[in-house]
Amino acid sequence: MTLEAVLAALHIVAILTLVVFLTSEVALCRAEWMNAAVVQRLVRLDLIYGISAVVLLLTGLARLVWGAKGMGWYVGQPLFHLKITLFVLVALMSIKPSLEFRRWRKALQADGSLPPEAAVRSTRRWLMWQSHLIPVMAVIAVFWARGW
């Protein structure tokens with residue numbers, strides 16, 4: 001029981017960390033607020049967001065393998081597969097903003113240029129899509145926990 005509680009707690013902390021740092025990215029990624037400090041901060045926030053996603057995945061896998069319900073129970077649940085599919089989708093969607101942030105930092109370091117307004121708006125839309133899919137995963141988890 002203690003292992004299950006620890007794994008669940010670590011999983012929840014990873015989820016909250018991921019949400020906080022994605023929300024921070026969304027808040028800062030605005031054309032009207034873009035400056036050199038914001039570009040640097042977005043790269044750092046995105047790194048922490050990525051690390052939290054890896055920790056989230058690892059804690060989820062740990063619950064799958066060592067959790068009280070066992071792997072057989074999880075893989076037999078349709079909502080588990082839906083949740084994993086959404087997680088992979090969000091992970092894939094996070095690639096474009098991550099590459100953009102690094103590209104912006106590289107341009108900033110090379111010639112001091114800031115990203116064009118259209119690029120910032122496009123990147124923000126990608127972040128918003130991610131931020132809207134994550135709560136869907138939480139709702140799925142709630143229904144799944146209640147036996148759906």
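Visitor: Now, about a nonpolar patch on the surface: what can you tell me, with residues and values included?
Guide: A surface patch of nonpolar side chains, amounting to about 500 Å² of accessible area, comprises Leu 3, Val 65, Trp 66, Met 71 and Val 75. Counting only elements with at least two residues in the nonpolar patch, the list comes to α2 (36–66) and α3 (71–75). Residue placement: Val 65 occurs in helix α2. The exposure class of Val 65 is partly exposed, given its relative accessible area of 45%.

Visitor: Can you explain helix α6 (residues 117–145)? Please cite residues and give values.
Guide: The terminal C-alpha atoms of α6 lie 43 Å apart, and with 29 residues this matches the ideal 42 Å at 1.5 Å per residue to within 8%. Within α6, burial applies to Val 120, Ser 122, Thr 123, Arg 124, Leu 127, Gln 130, Leu 133, Ile 134, Met 137, Ile 140 and Trp 144. On its buried side, α6 packs onto α1 (2–28), α2, α3, α4 (78–93) and α5 (95–111). Residue Gly 147 follows α6 closely and has a positive phi angle near 90°.

Visitor: Please give an account of the packing of α4 against α6 that cites residues and values.
Guide: Contact geometry of α4 with α6 gives a least axis separation of 10 Å together with a crossing angle of 165°. In terms of their interaxial angle, α4 and α6 are classed as roughly antiparallel. Where α4 crosses over α6, the two elements pack in a sense that is left-handed. Judged by residue contacts, Leu 79, Phe 80, Leu 82, Lys 83, Leu 86, Phe 87, Leu 89, Val 90 and Met 93 of α4 engage Trp 126, Trp 129, Gln 130, Leu 133, Ile 134, Val 136, Met 137, Ile 140, Ala 141, Phe 143 and Trp 144 from α6.

Visitor: Can you explain the environment of Arg 121? Please cite residues and give values.
Guide: Looking at where Arg 121 falls in the secondary structure, it is placed in helix α6. Under the relative-accessibility criterion, Arg 121 is labelled partly exposed at 42%. Sequence-wise, Arg 121 and Ala 31 are 90 residues apart; in three dimensions their C-alpha atoms are separated by 6.6 Å. Setting aside residues up to four positions removed in sequence, Arg 121 forms contacts with Ala 31 and Glu 32.

Visitor: For the side chain of Ser 94, give the residues involved together with the corresponding values.
Guide: Within the secondary structure, Ser 94 is located in the loop between α4 and α5. When near neighbours in sequence (up to four residues on either side) are disregarded, Ser 94 contacts Tyr 49 and Gln 130.

Reading the values: the criteria
- Residues numbered from 1 in each chain as written.
- Predicted model: local features only at pLDDT ≥ 70, side-chain atom pairs only at ≥ 80, totals over all residues.
- Heavy atoms only, no water.
- Patch = residues over 30% accessible without salt bridge, like charges linked within 9 Å, V, L, I, M, F, W, Y side chains within 5 Å.
- Areas by Shrake-Rupley, 256 points an atom, 1.4 Å probe, with all protein chains shown as cover.
- Salt bridge = Lys/Arg side-chain N within 4 Å of Asp/Glu carboxyl O.
- Helix = DSSP H or I, 4+ residues; strand = E, 2+ residues; numbered from the N terminus.
- Buried < 20%, exposed > 50% of the residue type's maximum accessible area, 1.4 Å probe, protein only.
- Expected span 1.5 Å × (residues − 1).
- Contact = heavy atoms within 4.5 Å.
- Axes fitted to C-alpha atoms, helices over the stretch in contact; angles between N-to-C directions.
- Parallel < 35°, antiparallel > 145°, perpendicular 65-115°, else oblique.
- Left-handed = near helix turned anticlockwise from the far one by under 90°.

Scope: geometric values only; no functional claims are made or implied.
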